[in-house]
Amino acid sequence: MRTAAEPVEVRRPSAVRALTTLLAVTAAATVVVELLNYWYAPEQEFGLAVRTGWAMLRSLAFLVLIGHVKRGRVAARPFGLILAVTTVFAVGRLVVPRSGVPPLPGLLGFGVLTALCVAVVVLLYRSDAVRGHLVRHRKGLVISGGVISWREVTPKRPPVTGWLLTARVAAFTYSPLMLVPALIAAGSVLDGRLSAVPAVLCWFAAGILVSYLVLFGTAFLLRERPWARRFLIVVTLGVLAVDLPLCWWLLGVDGLVRDGAPLVAAALLTLYSLHRATHPRQPTPPPPAPPR
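Analysis parameters
Positions within a chain are numbered from 1, following the residues in the order the chain's sequence is written. Where totals are concerned, whole chains, interfaces and linings use all residues; where local detail is concerned, this predicted model gives features only for residues with pLDDT of at least 70, and gives and counts side-chain atom pairs only at 80 or more. No hydrogens and no water enter the side-chain calculation; it runs on all heavy atoms of the structure. Elements are defined by DSSP. Helices are runs of H or I of four residues or more, strands are runs of E of two residues or more, and each kind is numbered from the N terminus. Any pair of residues with heavy atoms lying within 4.5 Å of one another is described as a contacting pair. Methods summary: accessible areas were calculated by the Shrake-Rupley approach with a probe of 1.4 Å, and residue burial reflects only the protein chains presented. Residue types Ala, Val, Leu, Ile, Met, Phe, Trp, Tyr and Cys, when buried and joined through side-chain atoms within 4.5 Å, form a set referred to as a nonpolar core. Buried means the residue's accessible area, taken with a 1.4 Å probe over protein chains only, is under 20% of the maximum for its type, while exposed means over 50%, and partly exposed covers the values in between. Here a salt bridge means any side-chain nitrogen of Lys or Arg lying within 4 Å of a carboxyl oxygen belonging to Asp or Glu. Two rings belonging to Phe, Tyr or Trp (six-membered ring only in the last case) form a pair when the distance between their centres is within 6.5 Å. Interplanar angles under 30 degrees mark stacking, angles over 60 mark edge-to-face geometry, and anything in between is tilted. Geometry is summarised by axes, namely lines fitted to C-alpha atoms with helices restricted to the contacting stretch, and by angles between N-to-C directions that run from 0 to 180 degrees. Here the word oblique covers every angle except those under 35 degrees (roughly parallel), over 145 (roughly antiparallel) and from 65 to 115 (roughly perpendicular). For this scheme, ten residues count as nonpolar: Ala, Val, Leu, Ile, Met, Phe, Trp, Tyr, Cys and Pro. Four count as charged, namely Asp, Glu, Lys and Arg, and the remainder, Gly too, count as polar. Expected span of a helix, by definition, is 1.5 Å for each gap between consecutive residues, and there is one gap fewer than residues. To get the bend at any residue, fit one axis to the seven residues that end at it and another to the seven that begin at it, then take the angle between the two axes. Within this analysis, patches are made of residues with over 30% relative accessible area and no salt bridge. Like charges are joined at 9 Å or less; nonpolar side chains (Val, Leu, Ile, Met, Phe, Trp, Tyr) at 5 Å or less. For every residue, the predictor assigns a confidence score, pLDDT, that lies between 0 and 100.

## Some points on the overall build of the protein chain
Scanning the protein chain for helices and strands turns up 10 helices and three strands. Sequence-ordered secondary structure for the protein chain, helices as α and strands as β, is β-α-α-α-α-α-α-β-β-α-α-α-α. In the protein chain, 73% of the contacts between residues at least 6 apart in sequence involve partners at least 24 apart. Accessible area for the protein chain stands at about 16000 Å²; split by element, carbon and sulfur atoms hold 69% of it.

## Considerations on the nonpolar core
Within the largest apolar cluster, 66 residues are counted, with the highest numbers of intra-cluster contacts made by Leu-23, Tyr-174 and Trp-203. Non-local contacts of Leu-23, meaning those with residues more than four positions away in its chain, are made with Phe-62, Leu-65, Ile-66, Val-69 and Val-120.

## With respect to the pattern of salt bridges
By the definition in use, this model includes three salt bridges. For Arg-229, the salt bridge goes to Glu-224, with nearest N and O atoms at 2.9 Å. Taking relative accessible area as the criterion, Arg-229 reaches 14% and is therefore assigned buried. We note a salt bridge from Arg-258 to Asp-254, for which the minimum N-O separation is 2.7 Å. Of this pair, Arg-258 and Asp-254 both sit in helix 10 (residues 226-278), four residues apart, roughly one helical turn. With a relative accessible area of 7%, Arg-258 lands in the buried category.

## Re the packing of aromatic side chains
For the structure on display, the rule yields six aromatic pairs. With a centroid separation of 5.4 Å and 85° between ring planes, the pair formed by Trp-163 and Tyr-272 is classed as edge-to-face. Residue Trp-163 is located in helix 7 (residues 162-171), and its partner Tyr-272 is located in helix 10; the two are separated by 109 residues in the primary sequence. Ring geometry for Phe-216 and Phe-231: centres 5.7 Å apart, planes at 80°, overall edge-to-face. Note that Phe-216 is positioned in helix 9 (residues 197-221) and Phe-231 in helix 10, a separation of 15 residues in sequence. Judged by its relative accessible area of 40%, Phe-216 is partly exposed. The partly exposed category is assigned to Phe-231, whose relative accessible area is 24%. Joined through ring pairs, the aromatic side chains of Phe-216, Phe-220, Trp-227 and Phe-231 make up one cluster.

## As for the environment of Ala-24
Turning to its location among the elements, Ala-24 is positioned in helix 1 (residues 14-40). On the basis of relative accessibility, which here comes to 36%, the residue Ala-24 falls in the partly exposed class. Expressed as a C-alpha distance, the spacing of Ala-24 and Leu-63, which sit 39 residues apart in the sequence, is 7.0 Å.

## With respect to unusual backbone geometry
Positive phi is not limited to glycine here, since Glu-224 has a value of about 60°. On the secondary structure map, Glu-224 appears in the loop between helix 9 and helix 10.

## Describing the packing of helix 2 (residues 46-56) against helix 3 (residues 58-70)
Look at helix 2 against helix 3: their axes get within 4 Å of each other, and the N-to-C directions meet at 10°. Here helix 2 is positioned roughly parallel relative to helix 3, judged by the angle of their axes. Here helix 2 contributes Trp-54, Ala-55 and Met-56 to the contact with helix 3, which in turn contributes Arg-58, Ser-59 and Leu-60. Taken together, the residues that form the contact of helix 2 with helix 3 break down as four nonpolar, one polar and one charged.

## Details of helix 10
In this model, helix 10 (53 residues) spans only 9 Å end to end at C-alpha, well below the 78 Å of a helix rising 1.5 Å per residue. The largest bend along helix 10 measures about 140° and falls at Leu-251.

## Re a nonpolar patch on the surface
A cluster of nonpolar side chains, contributed by Trp-248, Trp-249, Val-253 and Val-257, occupies part of the molecular surface with about 470 Å² of accessible area. With respect to the helices and strands, Trp-248 occurs in helix 10. Since its relative accessible area comes to 54%, Trp-248 is described here as exposed.

## A short note on the confidence of the model for the protein chain
In the predicted model, the protein chain carries a mean pLDDT of 80, and the fraction of residues at 70 or more is 78%. The secondary structure element of the protein chain with the lowest average pLDDT is strand 1 (residues 2-3), at 46, and the one with the highest is helix 9, at 92. Below pLDDT 50 for its whole length, residues 1-8 participates in 13 contacts with residues either more than four positions away or in separate chains.

Structural data, given as structure tokens:
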């Protein structure tokens, strides 16, 4: 057997290079803004440290997105959309303190980060050059005609719309968005609220179970199974029914706003994406030609 040569890389469009630079700046801005919020926070408590650490991990997700963009992966667009939306919510929930006025550096940093996230979404969805570049699938070892090659592997499933991919990526955020407040609630157990131990354990178990349910449902969703859409809607409503009351009970109104809002945003994006994928907009017919 012989190995096929790797294809020659072509120069990426300027819009794609601008997008990768913008993503790197956004990743760095996420870290800086989170450190500013934590530095100026009146109370540097356990919950704030957990939320800050989780938000800073998003800088690594932006680096993963850069890799997808450089490779021209089709999943980069929905990944970038949900990452930008949840980043704005994750950072915004930490800017406003429990009492008093938000610090000016935190507000300025949040404004800059929001503008960067909006620019990322605009480039991903409004640039024709970026859209034409993000058309590839993952690579893998392919044996064809006695030749082993490392090239793009075309999925065997039928082509899916971008809205289905967006729904899939958004649904995968349910589990971490549930586990983060559950971890914060575990700190209240250490402070003496032993009666909350069963609820916290059930919260952790629900967060882990949701990851498997989403994995199962989205696998069939991409294969255009009608029941998979209904299944994912039921999972979404169940996640909200479990997470929001627990946030309110164990973390108070502050926790409901800080930890419930990002989950609600991800759920709304999932439901909207499923709706758009089920009922796509019909193209506007061209006007009739004037009579001669």
